[in-house]
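# Observations on the three-dimensional arrangement
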Amino acid sequence: MDKALNGVRIIDLTQFEAGTSCTQMLAWLGADVIKVEEPTRGDPGRTAMVTSSVEGADSSYFLNLNSNKRSVTLNLKSEEGRGIFFDLVKQADIVAENMAPGAIERLGVGWDALKEVNPRVILARIKGFGTYGPYSEYKSFDPVAQAAGGAVCATGFADSPPVRPGITIGDTGTGMHAVIGILAALWQRQATGKGQVVEVSMQDAVVNVARIWMNSYADTGQSPPRRGAERWPGRPGSGLFKCAPGGPDDYIYMTALARRSRMWNALLTTIGKEDLIEDPVYSDPNNHPEVSEEINDMIEAWTMRHTKHEAMRILGEAGVPCSACLNADDIYNDPHLKERGMIVSYDHPVRGKFTMPGCPVQLEDSPVDVSSPPLLGQHTDEVLGDMLGYTEEETSRLRAARVL
C-alpha cells in the first residue's frame, strides 16, 4: 500500500531531538528521509544518554528518534562532499536542519546556495530562538526552550520555585510544529512551483503550547500562578488522588467538574455518596470552596481502596474524566496503547529486539510500519548508487579521501 508521503524526499541534517523528531514523523508517513551525517561520529544523539550494555551500540535516545530513515555519511567541510550534497539536493523536496545558529551558512550549504541548485527545495529550520531577533544567536536545548516559552513558570506549586516539565515539549513539541510547516510549504509549492524557508523557533513553539496557561494575562495584566499536580483550590474532584497500595506512582488524576452535573453525579454515585447529589452544600459549585477538602477526603478514601488501574476503569466506565498516572513501565505494557499500535518493536542489527513508542498519527489508507533506525552510513553506497550513479570504485575512492 502506498504511504501518504511516498515520493517526498528529505535530506536530513538534523541532530539530537527537535529536528530528528520532525523528520522521523515524516518518515513514518512515508517520506524517504536520507540522514546525512558526519563520517566519524554521525549524529551526536547516537552516543547521548547511553544506557545500553551492548558495546558500541547506538543509544536508545537515538533509536527512539530515527526509525524509518536511511543514513549517508558525508564530509560537508570538504569541497567534494559539498558537491555530492548539492547533487542530492537537486533530487530532494526538503532539506531539514537544526544545527547551531549560522552553522549551515559556515558550511556553505545555506538557503542561498540551496535554492540556487534547486528552486523547488524547501528548507526547514528549527532553531532555539529563530534566525532573527535579539536572542537569535543564543544556543538552546529543551530545558532552555521550556524556560523561554513559559512552561517552567507554569509548572509547580504556588509556593515553590518554577519546575521544568519532565517531558521534552521544547524538543519534540517543536518538531511537530515543524512538520506542520513543512506540509503547508509542500502544499503551497503545488500552486507556486517554488520552495521556501520554513522556520520554527523552540521558544515560539513552547509559547504556543503555553497559550491557555497565560490566557488570563490579557484580562488581568498579571502572570497566572503555577499549575502543579495538586488539587485545584475550591474545585473538589479535580487533581491527584492516592490509590492502593500507596507507591510513589499510585495516583489517579481526575477532573470531575461540578458545573457538569452528569459527571459530578456519576462521581458521587461511584464513591457511594449518591445521597449528597440532592444536597446543595455538596452539589452547588458556589458552596464548594467551604467543603472542598471534605469532599476530596471522601473521594480519596474511596480511591485508596482501589489500585490506580481499578479506579480508572470504574470511574471511566461511570463517565468521570480520569486516568491512572502511568509511569514508563505502565505505558510500555499498556494494553490500550498496544492495541492502538503506539508501542512497537523491531529488530535492530546490533541491539536485537527494541521496543519504543510508535507513530501517534493514524491515516486509514496509510498505516505506519516502524523499521529500525540506520547504522551510521548504512545506506551510503545505496543512495549514491541509486540517486547519483556512483560505482563501488568511486565510493571506495571517496572513503579513502575522507569525503564519505
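Just above sits the structure.
Model, not experiment: these values are computed from the prediction.

Turning to the overall build of the protein chain, a few remarks are in order. The number of helices and strands found in the protein chain is 18 helices and 11 strands. Each of the three principal axes of the protein chain carries a C-alpha extent, and together these read 85 × 50 × 40 Å. By the burial criterion, 46% of the 404 residues in the protein chain qualify as buried. Of the roughly 20500 Å² of accessible surface on the protein chain, a fraction of 52% belongs to carbon and sulfur atoms. Of the charged side chains in the protein chain, 39 are positive and 53 negative, and the gap between their average positions amounts to 4 Å.

Pairing between the strands of a sheet is mediated by backbone hydrogen bonds and can be parallel or antiparallel. With antiparallel pairing, the three strands of this open sheet are ordered in space as β7-β8-β9. Whereas interior strands pair on both sides, the edge strands pair on one side only; in this sheet they are β7 (238-242) and β9 (322-324). Put simply, the sheet's adjacent strands are angled 15° from each other on average, direction ignored. Two elements, strand β8 (residues 251-255) and β9, share three bridges in a ladder whose sense is antiparallel. Counterpart to M254 in the pairing with β9 is C322.

So, on to helix α6 (residues 142-149). The α-helix winds at 3.6 residues per turn, so residues separated by three or four positions along the chain end up facing the same way. Along α6, the residues classified as buried are D142, A145, Q146 and G149. The buried residues of α6 occupy an angular sector of 100° when the element is viewed end-on, so they sit on one face. Buried residues along α6 sit in contact with α7 (151-154) and α9 (202-209). With its phi angle positive at about 105°, G150 sits one or two positions after the end of α6.

A separate point is the pairing of strand β5 (residues 122-127). Successive residues of a regular strand alternate their side chains across the two faces of the sheet. Most of β5 sits inside the fold, with six of its six residues counted as buried. Alternating positions in β5 separate into two faces, I122, A124 and I126 on one and L123, R125 and K127 on the other, with burial throughout. As judged from the four bridges shared by strand β4 (residues 94-97) and β5, these two strands associate in the parallel manner. Residue pairing across strands places I94 opposite I122, the latter belonging to β5.

About the criteria used
- Residues numbered from 1 in each chain as written.
- Predicted model: local features only at pLDDT ≥ 70, side-chain atom pairs only at ≥ 80, totals over all residues.
- Heavy atoms only, no water.
- Helix = DSSP H or I, 4+ residues; strand = E, 2+ residues; numbered from the N terminus.
- Buried < 20%, exposed > 50% of the residue type's maximum accessible area, 1.4 Å probe, protein only.
- Areas by Shrake-Rupley, 256 points an atom, 1.4 Å probe, with all protein chains shown as cover.
- Lys, Arg positive; Asp, Glu negative; His and termini not counted.
- Charge placed at Lys NZ, Arg CZ, Asp CG, Glu CD.
- Pairing = 2+ DSSP bridges.
- Axes fitted to C-alpha atoms, helices over the stretch in contact; angles between N-to-C directions.
- Arc of directions from axis to C-beta.
- Contact = heavy atoms within 4.5 Å.

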